[in-house]
Amino acid sequence: MDGGDVDGGVGGGGGIEKDEEAEERTELLRDRFRLSVISIANAEAKKLDMEASEPVVACVADLAFKYTGEEQLARDVELFAQHAGRKSVNMEDIILSAHRNKHLTGLLRSFSQELKGKGPQTERKRKKSSKKEDKAIPS
């Protein structure tokens, strides 16, 4: 055994464990995503008095997961939020990400409006003057 083998073995362990944990989380997320898609597809098929083919639904779920999580969508919405000077993604970023598909954009806008209508009515917060400023003003 030479010293290079020992040093290489000691230094690389932490990175491998983190990669394995990330892979496990991704697999768990993919499985949950797939179950959700299957559930939605079955519910929609039932509404239409149809039957959803499980292999086809699983394939669609995998493609959707790759698009949303691993590839383009996550990067796009993050960039849209950064461009707008925000640190978090909002519904407008999601709608912007669908700009290539006018039908989907319309559906997302309608859904957004529905959510806004159902949510509690909130007013924009006004800046409150600090107590220090109140005390500093002579009466």
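Just above sits the structure.
Since the model is a prediction, treat every value here as computed from it, not as a measurement.

Calculation rules
- Residues numbered from 1 in each chain as written.
- Predicted model: local features only at pLDDT ≥ 70, side-chain atom pairs only at ≥ 80, totals over all residues.
- Heavy atoms only, no water.
- Helix = DSSP H or I, 4+ residues; strand = E, 2+ residues; numbered from the N terminus.
- Expected span 1.5 Å × (residues − 1).
- Buried < 20%, exposed > 50% of the residue type's maximum accessible area, 1.4 Å probe, protein only.
- Arc of directions from axis to C-beta.
- Salt bridge = Lys/Arg side-chain N within 4 Å of Asp/Glu carboxyl O.
- 1 Å grid on protein atoms, 1.4 Å probe; cavity = no way out; pocket = protein on both sides within 12 Å on 5 of 7 lines; lining within 4 Å.
- Points joined across faces, edges and corners; volume = space filled by probe spheres on them.
- Nonpolar A, V, L, I, M, F, W, Y, C, P; charged D, E, K, R; others polar.
- Polar contact = N/O pair within 3.5 Å; in protein donor to acceptor, adjacent residues only side chain to side chain.
- Contact = heavy atoms within 4.5 Å.

> Sorry, what's going on with helix α4 (residues 72-83) here?
An α-helix turns once per 3.6 residues; consequently, residues spaced three or four apart project the same way. An ideal rise of 1.5 Å per residue puts 16 Å on 12 residues; α4 measures up with 16 Å between its terminal C-alpha atoms. Within the span of α4, buried status applies to Leu73, Asp76, Val77 and Ala81. Each buried residue of α4 sits inside an arc of 130 degrees when the element is viewed along its axis, so together they form one side. Exposed residues pointing more than 90 degrees away from the buried face of α4 are listed as Leu79 and His83. Positioned one or two residues after α4, Gly85 has a phi angle of 80 degrees, which is positive.

> Quick question: what am I supposed to make of the pattern of salt bridges here?
When the charged atoms of two side chains lie near each other, side chains of opposite charge can form a pair. Under the counting rule described, the total for this entry stands at five salt bridges. The salt bridge involving Glu27 is made with Arg30; its shortest N-O contact spans 2.7 Å. Taken together, the residues span about one helical turn, with Glu27 and Arg30 both in helix α2 (residues 13-47) at a distance of three residues. Asp62 is the salt-bridge partner of Arg34, the closest N and O atoms lying 2.6 Å from each other. Placement of the pair is Arg34 in helix α2 and Asp62 in helix α3 (residues 54-70), with a sequence separation of 28 residues. Arg34 sits in the partly exposed class, given a relative accessible area of 27%.

> Help me understand the layout of surface pockets in this model?
Over the atoms, a rolled probe matching the size of one water molecule traces out where space is still vacant. Of the pockets and cavities examined, the largest pocket occupies roughly 280 Å³. For the largest pocket, the full set of lining residues is Phe33, Ser36, Val37, Ile40, Val60, Ala64 and Thr68. For the lining of the largest pocket, the leading source of residues is α2, giving four residues. Per-class residue counts for the lining of the largest pocket are five nonpolar, two polar and no charged. Of the volumes computed, that of the second largest pocket is approximately 180 Å³. Tyr67, Thr68, Leu73, Ile94, Ser97, Ala98, Arg100, Asn101, Leu104 and Leu108 are the residues that line the second largest pocket.

> Help me understand helix α6 (residues 102-118), please; the structure alone is not making it clear to me.
Spanning 17 residues, α6 covers 24 Å between terminal C-alpha atoms, matching the ideal 24 Å at 1.5 Å per step. Every buried residue of α6 is listed here: Thr105, Leu108 and Ser112. Along α6, the residues classed as buried sweep out an arc of 65 degrees about the axis, all on the same side. What points out from α6, more than 90 degrees from its buried face, is the exposed set His103, Gln113, Gly117 and Lys118. Two or three places before His103, at the start of α6, stands the capping residue Asn101, its side-chain oxygen 3.2 Å from that residue's backbone nitrogen.

> How should I be thinking about the side chain of Ser112 in this particular structure?
Along the chain, Ser112 falls in helix α6. A residue is classified by how much of its surface remains accessible, and Ser112, at 5% relative accessible area, is buried. In contact with Ser112, other than residues within four places in its own chain, are Met91 and Ile95.

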